[in-house]
Structures are given as structure tokens and as C-alpha cells.
Amino acid sequence: MPELPEVETVRRGLAPAMENAVIAKLELNRPDLRFPLPENFASAVEGRRIVSLGRRAKYLLIELEDDLTIISHLGMSGSFRIADETLGDFHYPRSKDGKHDHVVFHLVREGAPLRVIYNDPRRFGFMHLWKRSELDLYPAFAGLGPEPTGNALDATYLAARFAGKAQPLKGALLDQTVIAGLGNIYVCEALWRSHLSPRRAAGSLVTPTGRPKKELLLLTDAIRDVIADAIAAGGSSLRDHIQTDGSLGYFQHSFSVYDQEGKPCRTPGCGGTVARITQAGRSTFFCPRCQK
């Protein structure tokens, strides 16, 4: 499943083509993806200008004029590609099969036509329509924590959420009501960078008076840094993810612990070996020697 950096990579790739374009036609080649497509989807959006492309957690937000937003989730195999002579015709192996081109945005931008195509072989992705002014009421967004890239995420905030918790740190960080969009890969990487064990109690990073300990300050910085590095690298490109211009992201080559079971820990002077354990049904990768 694409994580936050992958979705942000897609957003940044699509923005130059889609922002300020008008949806001349929305071509729907099937009535549903993971869920039925919105009722009267095409007629609701045709003729509207795309104001901006945003993101909330792992969801892409195509924000239209007149207070309307298309909420898109990529699922396991969903992707967008831009097909237009003026911008380049971007293709890559898994999206060449037209039978998986389920939604086609026929756009007009600066007087020139272009197409943005949503392709999804497994159809685990979906699209919904929602009022932009009421996005906080969208069921998947209700109760979401702050973005890991935003100013609201700091050690003081995490201390308030972790205080008194015996829950393992890994599980506490995956709780989307604590931090929105932070997934398994980048939790493992952030914990390794801050030398914290995924099995450690979340509350152990908070003082008796509710203040963040030094370890929590380091963890907060590590979360921000690992997400920033992944976005800069174009996401992880795990499994099906690929950028809108057809080029692979390459952050997976920088993974220090995720999927590195049995390999030497990269912490200088550690000498440990990366291990894998299962927590709440998810694989956790960490170094038992330097992560305490």
C-alpha cells in the first residue's frame, strides 16, 4: 500500500499538469473501483477548474472550484499517468494495458488539451466527491492526527499522546489518530534513526511531569527527516508504485532496516544484525543491539 511519501510524489508529479486546468470531460470506463464511483460523477465535475492538488495522510485531494473535492486513494496498484504531446507521453509496463484505464480526465490547460489517466489493475483504489469546506467530516479524516510534515507535530504533542501508555512504540506511531499517514516502512526507519526499540513502551519517553524526554525529541526529528528524505527521493517504489513520469523512486535503496533482515546494522560501530519480528500482524525490522 502506498505510504505518505509515495502519495506526495504523485501529487507533485500531477500538479503542474492538473492545477488550473478545466475538466472538459470525465471518462468513466466502469461504474466502480473498490467502491462505486460517485453518483453523477462526470456531470458534477465537468466544466469545473481544478484549483489545486492537495494531500491528507495517504489520500490525494483534487480540489475544484465551487467547494468540491475529488478524494482519491491509490489502493495497492492504482496510479496516474499524464498523456499529452506537450508534456510527454508517460508509459510504464503495468499501465500500458488500456483495459485497466478506469478513469480518464480530459483537461484543457492554457488552451491545450491533455489527458490524465487513472489506471488500477486490482481496483483497490477509489474516488469520492466531498465538499472542500467539510473535509474534516469525511469519515476517513475524522480524528486523524497531524501530518508528519506539519508544524503541529512536535515532541510536546507526542508527549501528551504517549503519557501513561504501555503500548509498544511501534503501535503507538502507527495509530493514525496520533500521526496521520505514517506507515510501517517509515516507522521502522524513524525508530532505527532514533535508536529506539519498537517494543519499548510509548509512555517511557515521557517524564512523570508529562514533558518529552530527550529520546522523544530525537524521535520527532527522525520522523520528520525520514519522511522528508523519502519525499525528496520520490517515495519507496515498493511493488507497484511508480512516479507519474514513469521513473521509479529510489528511496528503497536507502532503507537502513526495513526489509533488511539478517544484514549488518548500518549504525557506525554497532556490529548488530537487523532482525524481524511481528507486531499486530505487521513485520517490524530493527536492530536489537542499538535500538533500546
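Cut-offs applied
- Residues numbered from 1 in each chain as written.
- Predicted model: local features only at pLDDT ≥ 70, side-chain atom pairs only at ≥ 80, totals over all residues.
- Heavy atoms only, no water.
- Helix = DSSP H or I, 4+ residues; strand = E, 2+ residues; numbered from the N terminus.
- Buried < 20%, exposed > 50% of the residue type's maximum accessible area, 1.4 Å probe, protein only.
- Contact = heavy atoms within 4.5 Å.
- Phe/Tyr/Trp six-rings, centres within 6.5 Å; stacked < 30°, edge-to-face > 60°.
- Pairing = 2+ DSSP bridges.
- Axes fitted to C-alpha atoms, helices over the stretch in contact; angles between N-to-C directions.
- Expected span 1.5 Å × (residues − 1).
- Arc of directions from axis to C-beta.
- Parallel < 35°, antiparallel > 145°, perpendicular 65-115°, else oblique.
- Left-handed = near helix turned anticlockwise from the far one by under 90°.
- Nonpolar A, V, L, I, M, F, W, Y, C, P; charged D, E, K, R; others polar.

## Observations concerning the overall build of the protein chain
Helix and strand content of the protein chain: six helices and 11 strands. Counting the 292 residues in the protein chain, one finds 52% classified as buried. Considering only contacts in the protein chain between residues 6 or more positions apart, those separated by 24 or more positions represent 64%.

## Let's talk about the packing of aromatic side chains
This model, assessed by the stated rule, comprises nine aromatic pairs. A ring pair is formed by Y59 and F141, whose centres lie 5.2 Å apart and whose planes are at 85°; its orientation type is edge-to-face. Remark: F141 occurs in the loop between β9 (126–131) and α3 (155–162) and Y59 occurs in strand β3 (residues 59–64); sequence separation between them is 82 residues. Within the aromatic cluster, the residues linked to one another by ring pairs are F35, Y59, F126, W130, Y138 and F141.

## Observations regarding the sheet that holds β9
The antiparallel open sheet is built from four strands, whose spatial order is β2-β3-β4-β9. The sheet terminates laterally at β2 (50–56) and β9, the two strands that pair on one side only. In this sheet, adjacent strand axes meet at a mean angle of 25° when their direction is disregarded. As judged from the five bridges shared by β3 and strand β4 (residues 68–73), these two strands associate in the antiparallel manner. Directly across from E63, in β4, lies its bridge partner T69. Packing against the sheet, helix α1 (residues 4–18) makes contact with β2 and β3, and its axis sits at approximately 175° to β2.

## Focus: the environment of F80
Along the chain, F80 falls in strand β5 (residues 79–84). You can call F80 buried: its relative accessible area is 1%. For the pair F80 and I117, spaced 37 residues apart in sequence, the C-alpha to C-alpha distance is 5.4 Å.

## Describing helix α6 (residues 214–232)
Taking 1.5 Å per residue, 19 residues should reach 27 Å; α6 reaches 27 Å between its end C-alpha atoms and fits that length. Looking only at α6, the buried set comprises L216, L219, T220, A222, I223, V226, I227, A230 and I231. Seen from one end, α6 has its buried residues packed into an arc of 160°, which puts them on one side. Opposite the buried face of α6, by more than 90 degrees, sit the exposed residues K214 and A232. Check the buried side of α6 and you find it contacts α1, α3, α4 (169–174) and α5 (184–193). One or two residues past the end of α6 sits G234, with phi positive at roughly 90°.

## Re the packing of α5 against α6
Where α5 contacts α6, the axes come no closer than 8 Å and their chain directions differ by 130°. On the basis of the axis angle, α5 is oblique to α6. Considering only the axes of α5 and α6, their crossing is right-handed. Mapping the contact onto sequence places Y186, E189, A190, L191 and R193 in α5 and L219, A222, I223, D225, V226, I227, D229 and A230 in α6. For the contact of α5 with α6, the per-class residue count stands at nine nonpolar, no polar and four charged.

## Concerning the pairing of strand β11 (residues 282–286)
With five bridges connecting them, strand β10 (residues 275–279) and β11 associate as antiparallel partners. When the bridges of β11 are listed, I277 appears paired with T284. Between β10 and the antiparallel strand that follows it, β11, lie two residues; A280 among them carries a positive phi value of about 50°.

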